[in-house]
Amino acid sequence: EKVKKLGDMTKWIIQAWGVPIHVIEEYAARSFKNPTYLNHAWLVGVSDPTNELPEGHVYVPGMGEYHEYHNHLFVSGTPCVEPSDARLWPVANKVKGKGIEFLSKLDFGMIVFANPKSSSDLSMAETIGRDYDGDLFFVLYDDELLNHMKKPNNFLSRSEKAANRFQTQPKQNRNWLATGQSAMQDVAGMQLRHQLIQEMHGKWKKATTSGVVDDENVAHYGKAYKQALDIGKHGGKVTLPKTLHANHSESICRFLKGVSP
C-alpha cells in the first residue's frame, strides 16, 4: 500500500508538543521515501474489551517487541487543532494475564484504550475529542520524535476537557428529528455552514504559519473550526472573540457569538 504524506495538521500537532519543525520534516520525507522508516499509523480506536488495561494506558496489538522496549505512544484524533487534541500515553507493557494475552494475538490495525474507572468520566478517546464509533487515531512511535516531546503550556487536562465539554454542549433537543430534517432541506444554510467550516479552517491554518504554537489566533480558530463541524449536527453558534468578527462576512457572522478576547 502506498504511503501517504504526513499532513500539515498532523505536523502541527507534533510541533505543538515540542518537536522542532525541521526534525518533523526530515522524518516526514524519510518515512515517505522509505517505508522502513515509517513509525506512525492511523488506527481504529476501541475500548478495552478485557477491562484489564490500567487506567490511562493504551495497547496496540501486532506491534510485537515494540511494547517490550517502549513506554509511550503519541496519539491524536482528527481534527487536531489544539495541543490537548493529542496525548502522550503510557503503553500497558507490564501487564500480565489472560486479557493482555488475548489482545497480543490480535492483528495490527487498532489501538486499545483502557476504560475509565467511573462511567461518568470521559473515555480516553473523548479526552482528545473522539469516540469509539470507527474513528481513526494517529499513532506515532518514532523514537527521535518522541524523545523531543513535552507537554505544551496551553494543555487542557482530562478534568478541564470534561468541564469544557459540559459548558459547550448544546441543550438536549426533543425535536431533533424535525430539526435535522429542516436543516437538510435548507440548502442555502448548508452552503453557508460549509463556507463557515472552510473559513474557520483557513484562518486556523493561516495562524499556524506564524510559527508560534501558542499564538492566540491558533487557539481561537482551532476551537471555532471544531465547533463549526458540530453545528450541522447539533445546531448552535461558533464562539469567536468579537475582535475577529470583522474578518468575516455578515452571512458568516450570523453563525458567530462574540466573547471577550
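Given the structure is predicted, the values throughout are model-derived calculations rather than measurements.

Cut-offs applied
- Residues numbered from 1 in each chain as written.
- Predicted model: local features only at pLDDT ≥ 70, side-chain atom pairs only at ≥ 80, totals over all residues.
- Heavy atoms only, no water.
- Buried < 20%, exposed > 50% of the residue type's maximum accessible area, 1.4 Å probe, protein only.
- Helix = DSSP H or I, 4+ residues; strand = E, 2+ residues; numbered from the N terminus.
- Pairing = 2+ DSSP bridges.
- Core = buried A, V, L, I, M, F, W, Y, C linked by side-chain atoms within 4.5 Å.
- Contact = heavy atoms within 4.5 Å.
- Phe/Tyr/Trp six-rings, centres within 6.5 Å; stacked < 30°, edge-to-face > 60°.
- Lys NZ or Arg CZ within 6 Å of the ring centre and 35° of its normal.
- Axes fitted to C-alpha atoms, helices over the stretch in contact; angles between N-to-C directions.
- Parallel < 35°, antiparallel > 145°, perpendicular 65-115°, else oblique.
- Left-handed = near helix turned anticlockwise from the far one by under 90°.
- Nonpolar A, V, L, I, M, F, W, Y, C, P; charged D, E, K, R; others polar.
- Patch = residues over 30% accessible without salt bridge, like charges linked within 9 Å, V, L, I, M, F, W, Y side chains within 5 Å.
- Areas by Shrake-Rupley, 256 points an atom, 1.4 Å probe, with all protein chains shown as cover.
- Salt bridge = Lys/Arg side-chain N within 4 Å of Asp/Glu carboxyl O.

I keep staring at the pairing of strand 6 (residues 136–140) and nothing clicks. Help me out?
Residues in a regular strand point their side chains to alternate faces of the sheet. Among the five residues that make up strand 6, four are buried, leaving the element largely enclosed by the rest of the structure. When strand 1 (residues 40–47) meets strand 6, the two strands line up antiparallel, connected through five bridges. In the sheet register, Val-44 faces strand 6, and the bridge partner there is Leu-136. Pairing of strand 3 (residues 72–76) with strand 6 involves three bridges; the strand directions are antiparallel.

How should I be thinking about the nonpolar core in this particular structure?
Considering soluble globular proteins, one finds that nonpolar side chains tend to be buried as a cluster. Core analysis: the largest hydrophobic core is formed by 64 residues, its most contacted members being Ile-14, Leu-73, Phe-74, Ile-111 and Leu-196. Sequence-distant contacts of Leu-196, defined by excluding residues within four places in its chain, comprise Ala-228, Ile-231, Val-238, Ile-252, Phe-255 and Leu-256.

Explain the packing of aromatic side chains to me, please; I cannot follow it from the model alone.
For any pair of aromatic rings, the description rests on two quantities: the centre-to-centre distance and the angle between the ring planes. This model, assessed by the stated rule, comprises six aromatic pairs. Pairing Trp-17 with Phe-74 gives two aromatic rings, centres 5.6 Å apart and planes at 70 degrees, and the pair type is edge-to-face. Highlighted residues: Trp-17 in the loop between helix 1 (8–16) and helix 2 (21–33) and Phe-74 in strand 3, separated in sequence by 57 residues. For the pair shown, Trp-17 and Phe-74 are each scored as buried. Members of the aromatic cluster, joined through ring pairs, are Trp-89, Phe-113, Tyr-132 and Phe-137. We note Lys-5 situated over the ring of Phe-32; from NZ or CZ to the ring centre the distance is 5.3 Å.

Whenever I open this one, the environment of His-194 confuses me. Can you help?
With respect to the helices and strands, His-194 occurs in helix 9 (residues 187–208). In sequence terms His-194 and Leu-229 are 35 residues apart; their C-alpha atoms lie 8.7 Å from each other.

It is not clear to me how the sheet that holds strand 5 (residues 110–113) should be interpreted in this structure. Could you clarify?
Sheet strands line up and pair through hydrogen bonds in the backbone, either parallel or antiparallel. The six strands are arranged 2-5-1-6-3-4 in an open sheet whose pairing can be described as mixed. Each having just a single partner strand, strand 2 (58–59) and strand 4 (86–90) make up the two edges of the open sheet. Both strand 1 and strand 5 contribute to a ladder of four bridges, which runs parallel. For Gly-45, the partnering residue across the bridge sits in strand 5 and is Ile-111.

I would appreciate a short explanation of the packing of helix 1 against helix 2 in the present structure.
In a packed pair of helices, the relevant descriptors are the angle between the two axes and the axis-to-axis distance. The geometry of helix 1 relative to helix 2 is characterised by a closest axis approach of 10 Å and an angle of 140 degrees between their N-to-C directions. Overall, the two elements helix 1 and helix 2 adopt an arrangement that is oblique. Of the two possible hands of crossing, helix 1 and helix 2 adopt the one that is right-handed. Of helix 2, the residues touching helix 1 (which contributes Lys-11, Ile-14 and Gln-15) are Ile-21, Ile-24, Glu-25 and Ala-28. Per-class residue counts for the contact of helix 1 with helix 2 are four nonpolar, one polar and two charged.

Would you take a moment to explain a nonpolar patch on the surface for this structure?
A cluster of nonpolar side chains, contributed by Trp-42, Val-44 and Leu-136, occupies part of the molecular surface with about 240 Å² of accessible area. With respect to the helices and strands, Trp-42 occurs in strand 1.

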